[in-house]
Amino acid sequence: PLPRPRPFHLRQGLPRAKVVLDPGHGGRDPGALGVTGVREKDVPLDICRTIRDRIGRSGGPEILLTRDGDVFLPLNDRIAFAEEMDADLFISIHADAAPTPDARGLSAYTLSERASDGLADALASAENRVDRLYGVDLSHTDAAVAMILQDLAHRYSHHASRTAKQKLVSGLVGQIDLLYNPMRSASFAVLKSAQVPAVLLETGFLSNPQDERLLAQTESRRRIAAILGNRIATVAGELRIQSGA
């Protein structure tokens, strides 16, 4: 049975939290291809739409999607959208191929210029080939002030991203299959924001026959979306309260 959506009530006086979900790839970029031909771009789009619909009915945070169809989006446009929407949390959702077919289960990644391990580095390298690295535009700001603002913003964003990753994964233990050492980091271009806490979630690996079989099934994707949606709603609400927004 699917878990029932749990409403997350924010502290009195605070507006609803806002989450931008980013279905990876799309359009002319199919992403990874599964061992039986499942296209990565189709999996996260279905999961993100389901999360949006379920959370919308539960009275939780506002959920926005970077894409709601089979279209190509540059990496910098994805995170820029989250910044324009003043999101509390940005989550890019994928179902990549791993260097080894033995790798399976959900994993979460935050930004780090130095990858935590070979798998994270390989995934980031593959993702970043899609587009150029994202940069913060401070060209019209005094250089000294810009450096201070950028440093402060990055400190908050980096800390909040790691907090969100930890909270997301800790709340999924026992509910969903997790990759060994599921909290990792690498230089993912789509996570390079100085304003919005950002996490990349691999819902599984299409290079693994078991994961591909699950991700290809509508009911399995709905179950994954239900579990993720409940956890995302809780974490986004907590980030909103901690930021005092």
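Residues numbered from 1 in each chain as written. Predicted model: local features only at pLDDT ≥ 70, side-chain atom pairs only at ≥ 80, totals over all residues. Heavy atoms only, no water.

## Brief notes about the packing of aromatic side chains
Inspection of the entire model under this criterion finds one aromatic pair. An angle of 65° between the planes, with centres 5.6 Å apart, marks the rings of Tyr109 and Phe188 as edge-to-face. Of this pair, Tyr109 sits in strand β4 (residues 106–111) while Phe188 sits in the loop between β5 (178–186) and β6 (198–202), and the two are 79 residues apart along the sequence. An identical accessibility class is assigned to Tyr109 and Phe188; each is buried. Over the ring of Phe72 we find Arg28; its NZ or CZ atom is 4.1 Å from the centre of that ring. (Phe/Tyr/Trp six-rings, centres within 6.5 Å; stacked < 30°, edge-to-face > 60°. Helix = DSSP H or I, 4+ residues; strand = E, 2+ residues; numbered from the N terminus. Buried < 20%, exposed > 50% of the residue type's maximum accessible area, 1.4 Å probe, protein only. Lys NZ or Arg CZ within 6 Å of the ring centre and 35° of its normal.)

## Re the nonpolar core
Judged by nonpolar contacts, the single largest core of 36 residues is most densely connected at Leu21, Ile51, Ile91, Leu201, Leu228 and Ile232. Mapped by element, the contributors of at least two residues to this core are β1 (18–23), α1 (42–58), β2 (62–65), β3 (89–94), β4, α4 (143–170), β6 and α6 (218–243). The biggest single contributor to this core is α6, with nine residues. The residues contacting Ile232, other than those within four sequence positions of it, are Val19, Leu21, Ile51, Ile91 and Leu168. Grouped together as the second largest cluster of nonpolar side chains are 25 residues, Ala98, Ala186, Val196 and Ala198 included. (Core = buried A, V, L, I, M, F, W, Y, C linked by side-chain atoms within 4.5 Å. Contact = heavy atoms within 4.5 Å.)

## Some details on the environment of Ser187
Residue position: Ser187 is located in the loop between β5 and β6. Not counting residues up to four positions away in its chain, the partners in contact with Ser187 are Leu111, Ser112, Glu113, Ala124, Asn128 and Lys192.

## Describing α1
Between its terminal C-alpha atoms α1 stretches 25 Å, which fits the 24 Å expected from 17 residues at 1.5 Å a residue. Within α1, the full set of buried residues consists of Val43, Pro44, Leu45, Ile47, Cys48, Thr50, Ile51, Arg54, Ile55 and Ser58. Just past α1, the residue Gly59 takes up positive phi, approximately 80°. (Expected span 1.5 Å × (residues − 1).)

## Digging into the pairing of β1
Burial analysis of β1 places six of its six residues in the buried class, the great majority of the element. Every second residue of β1 is oriented toward a common face, with Lys18, Val20 and Asp22 on one face and Val19, Leu21 and Pro23 on the other, all of them buried. Of the pairings in the sheet, the one linking β1 to β2 comprises four bridges and is parallel in character. Residue pairing across strands places Val19 opposite Ile63, the latter belonging to β2. You can see the chain leave β1, run along α1 and come back into β2, and the turn it takes is right-handed. Of the strand pairs in this sheet, β1 and β3 are connected by five bridges, and their pairing is parallel. (Pairing = 2+ DSSP bridges. Right-handed = clockwise from strand over helix to strand, strands pointing away.)

## What about the pairing of β6?
β6 sits mainly inside the fold: five of its five residues count as buried. Neither face of β6 is open: one carries Ala198, Leu200 and Glu202, the other Val199 and Leu201, and all of them are buried. Pairing analysis gives five bridges linking β3 to β6, with the strands arranged parallel. Bridge assignment links Ile93 to a residue of β6, and that residue is Leu201. Bridge analysis of β4 against β6 gives three bridges, and the strand direction is antiparallel. Bridge pairing links Ser107 to Glu202 in β6.

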